Amino acid sequence: MSIGQIPRAPLEDWFRDRYFTASVDISSSGVENYALGELREILGITTRELDETVFRDSPSVGAPALRAAVAARYAPGRSENVVVTHGSSEAIFLATAALVRPGDEVVVPGPGYHALVSTVTALGGRPRVWDLGSGEGFAADLDRLRDLLGTRVRAVIVNFPHNPTGVTLDRSAYGEFVELIARSGAYLLWDGAFTDLVYDAPPLPDPFLTVERCVSFGTLSKSYGLPGLRVGWAFAPRHVIADMVRLRDYLTIATSPLTESVATAAVLNADVLIGPRRAQAKANREFLTRWAHDHPDLVRCPVPGGGVTAFPRVIGVPNVTDMCAALAEDRGVLVVPGSCFGVPDRIRVGFGGPADEFAKGLTALSETVVKTTTGGVWA
Ligand SMILES: Cc1ncc(COP(=O)(O)O)c(C=O)c1O
């Protein structure tokens, strides 16, 4: 396969057809989004400051002020190792392309977000799936990972907290994980898109701080509620950044000074933006847990440790795809069928949005599951 033959991203195909017409969204892996006016008010950005933006090209690695802000929050002292990108998607693509060569073995999460898996395949790498499934629930089983790590493994790509299952590592498992990777000699590609969305413990440290061969990714698209700003980043060793820049010179060249200035203010005031959204998601997670508890005949829903997505199994519906399509069409309620992650009897439910919308969506979902399982439609 060549990069031009990269497989379709089923998740994006699903959204392309439904995201803009759904009236109730309980699908997303992000939190409630901010509007520019709201953001300006919270962060104290004046129209004059926006007006003063000159649309010249930014440096290839991003504006110095934004790199400094990202480093100050996630890896103090390492601003020279930050590259700012168009969402973390670009960073994931550039870093994977910089590091993976045909024939390389690469550990990837299963189930996994498409960018973390298909990019490897398209580059000619050989994915070795770290299966996060275990019976009814999910877990990051380090013994399974240990079995996959041979001398030939070039890189280990992970995403904690994990999309779609919400699996994460506790602090002691994180320590063991980081040590395991460092000893293996493989590159660690750490997707920290949901780092700030944890509820039971403080966020995990950025492994870039301790693992020498590490690239870590972050984004404003999830916990900050700013997916449309299209700003993400990577921390990477300088020689990897040089390769990422070589590739980006053919792709996006740089990010925009306008989005960089808004992003800088956002990262400098991260807690102000993230705090209320995390609280909302936490309350929704409790609501989801009660909902699942009240419907033991319909769903089995492992409680997500972090992130804003859960991945319940729908009992008695081996493939939920048609049911999810009908839910969107008939009720205007958007969820993601597990088939987008290769697990057709599960549904990705996003609990980061407004509480009333979430409750409305879950009610429609349970009614549709009942209709499906009792009426035999869509099953
Ligand atoms: C695990 C994970 N990584 C990366 C991304 C990419 O997000 P963005 O490019 O908006 O930063 C997503 C988006 O859904 C995601 O779920």
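Only a predicted model underlies this, so the values are computations on that prediction, with no experimental measurement involved.

Undergrad: Just give me the short version of the site of the ligand, but keep the residues and values in it.
TA: Ser 89, Asp 191, Thr 219, Ser 221 and Lys 222 are the nearest of the 14 residues found near the ligand. At a separation of 2.6 Å, an oxygen atom of the ligand approaches a polar side-chain atom of Lys 222. In the complex, 94% of the free accessible area of the ligand, which totals 400 Å², lies under the protein chains. Judged by the proximity of its atoms to the pocket grid, the ligand belongs to the largest pocket. Top element by residues in the shell around the ligand is helix 5 (residues 87–99). It accounts for four residues.

Undergrad: Please provide a residue-by-residue account of the nonpolar core, values included.
TA: With 126 residues, the main nonpolar core has Trp 130, Leu 145, Phe 177, Leu 220 and Tyr 224 as its most contacted residues. With sequence-adjacent residues up to four places away left out, Tyr 224 is seen in contact with Val 31, Tyr 34, Arg 73, Tyr 74, Asp 196, Thr 219, Ala 266, Val 267, Ala 270, Leu 273 and Ile 274.

Undergrad: An account of helix 6 (residues 114–122) is needed here, citing residue identities and associated values.
TA: Within helix 6, seven of the nine residues are buried, which leaves it mostly tucked inside the rest of the structure. The complete set of buried residues in helix 6 reads His 114, Ala 115, Leu 116, Ser 118, Thr 119, Val 120 and Ala 122. On its buried side, helix 6 packs onto helix 1 (10–18), helix 5, strand 3 (105–110), strand 4 (126–131), strand 7 (153–159) and strand 8 (187–191). Of the residues trailing helix 6, Gly 124 is marked for its positive phi of about 90 degrees.

Undergrad: Describe the sheet that holds strand 16 (residues 347–350), and please don't skip the residues or the numbers.
TA: Pairing within the open sheet is antiparallel, and its three strands lie in the order 12-16-15. Only two strands of the sheet have a single partner each, and these edge strands are strand 12 (309–310) and strand 15 (336–337). Pairing of strand 12 with strand 16 involves two bridges; the strand directions are antiparallel. Residue pairing across strands places Ala 310 opposite Val 349, the latter belonging to strand 16.

Undergrad: For the layout of surface pockets, give the residues involved together with the corresponding values.
TA: Reported here for the largest pocket is a volume of approximately 1200 Å³. What lines the largest pocket is a set of 46 residues, and nearest its centre among them are Glu 12, Phe 15, Ser 29, Tyr 113 and Lys 222. For the lining of the largest pocket, the elements supplying multiple residues, two or more each, are helix 1, helix 5, helix 6, strand 16 and helix 13 (355–375). Of the residues in the lining of the largest pocket, the class split is 19 nonpolar, 17 polar and ten charged.

Undergrad: Quick rundown of the sheet that holds strand 9 (residues 214–219)? Include the residues and the values.
TA: Strands sit in the order 2-10-9-8-7-3-4 across an open sheet of seven strands; the sheet is mixed. Taken across any chain shown, the strands that pair with only one partner, and hence form the sheet edges, are strand 2 (82–85) and strand 4. Adjacent strand axes in the sheet meet at a mean angle of 20 degrees, parallel and antiparallel pairs treated alike. For strand 3 and strand 4, the ladder comprises six bridges, and the chain directions are parallel. Each residue of the ladder has a partner; that of Val 106, found in strand 4, is Pro 127.

Undergrad: Can you break down a nonpolar patch on the surface residue by residue, with the values?
TA: A cluster of nonpolar side chains, contributed by Ile 3, Ile 6, Phe 93 and Leu 251, occupies part of the molecular surface with about 320 Å² of accessible area. Mapped onto the secondary structure, Phe 93 falls in helix 5.

Undergrad: Please provide a residue-by-residue account of the side chain of Thr 255, values included.
TA: Tracing the backbone through its elements, the reader meets Thr 255 in the loop between helix 9 (238–248) and helix 10 (257–268). Judged by its relative accessible area of 5%, Thr 255 falls in the buried class. There is a polar contact of 2.6 Å between the side chain of Thr 255 and the side chain of Glu 260. Excluding residues that lie within four positions of it along the chain, Thr 255 makes contacts with Ser 58, Gly 62, Val 84, Thr 85, His 86, Arg 248 and Glu 260.

Undergrad: Account for empty space enclosed by the protein, naming residues and giving values.
TA: For the structure on display, the rule yields one cavity of 30 Å³ or more. Phe 160, Pro 161, Thr 168, Trp 190, Thr 195, Val 198 and Leu 204 are the residues that line the largest cavity. For the lining of the largest cavity, the class distribution of residues is five nonpolar, two polar and no charged.

Undergrad: Kindly report on the pattern of salt bridges, identifying the contributing residues and their values.
TA: Evaluation of the coordinates by the stated rule reveals 18 salt bridges. Between Arg 146 and Glu 176 there is a salt bridge; the shortest N-O distance is 3.3 Å. Of the two residues, Arg 146 is situated in helix 7 (residues 142–148) and Glu 176 in helix 8 (residues 171–184); the sequence distance between them amounts to 30 residues. The class of Glu 176 is partly exposed, set by a relative accessible area of 40%.

Undergrad: Provide a residue-level description of unusual backbone geometry, including the pertinent values.
TA: The step from Phe 160 to Pro 161 runs through a cis peptide bond, and the omega angle for that step is -15 degrees. For Pro 161, the location among the structural elements is in the loop between strand 7 and helix 8. Put simply, Asn 163 and Pro 164 share a cis peptide bond, and its omega is 15 degrees. Within the element layout of this structure, Pro 164 appears in the loop between strand 7 and helix 8. For Arg 230, which is not glycine, the phi torsion reads 55 degrees and is therefore positive.

How each quantity is defined
Residues numbered from 1 in each chain as written. Predicted model: local features only at pLDDT ≥ 70, side-chain atom pairs only at ≥ 80, totals over all residues. Heavy atoms only, no water. Near = heavy atom within 4 Å. Polar contact = N/O pair within 3.5 Å; in protein donor to acceptor, adjacent residues only side chain to side chain. Areas by Shrake-Rupley, 256 points an atom, 1.4 Å probe, with all protein chains shown as cover. 1 Å grid on protein atoms, 1.4 Å probe; cavity = no way out; pocket = protein on both sides within 12 Å on 5 of 7 lines; lining within 4 Å. Sits in = over half its atoms within 2 Å of the grid points. Helix = DSSP H or I, 4+ residues; strand = E, 2+ residues; numbered from the N terminus. Core = buried A, V, L, I, M, F, W, Y, C linked by side-chain atoms within 4.5 Å. Buried < 20%, exposed > 50% of the residue type's maximum accessible area, 1.4 Å probe, protein only. Contact = heavy atoms within 4.5 Å. Pairing = 2+ DSSP bridges. Points joined across faces, edges and corners; volume = space filled by probe spheres on them. Nonpolar A, V, L, I, M, F, W, Y, C, P; charged D, E, K, R; others polar. Axes fitted to C-alpha atoms, helices over the stretch in contact; angles between N-to-C directions. Patch = residues over 30% accessible without salt bridge, like charges linked within 9 Å, V, L, I, M, F, W, Y side chains within 5 Å. Salt bridge = Lys/Arg side-chain N within 4 Å of Asp/Glu carboxyl O.

Purely geometric stuff here, so don't read any function into it on its own.
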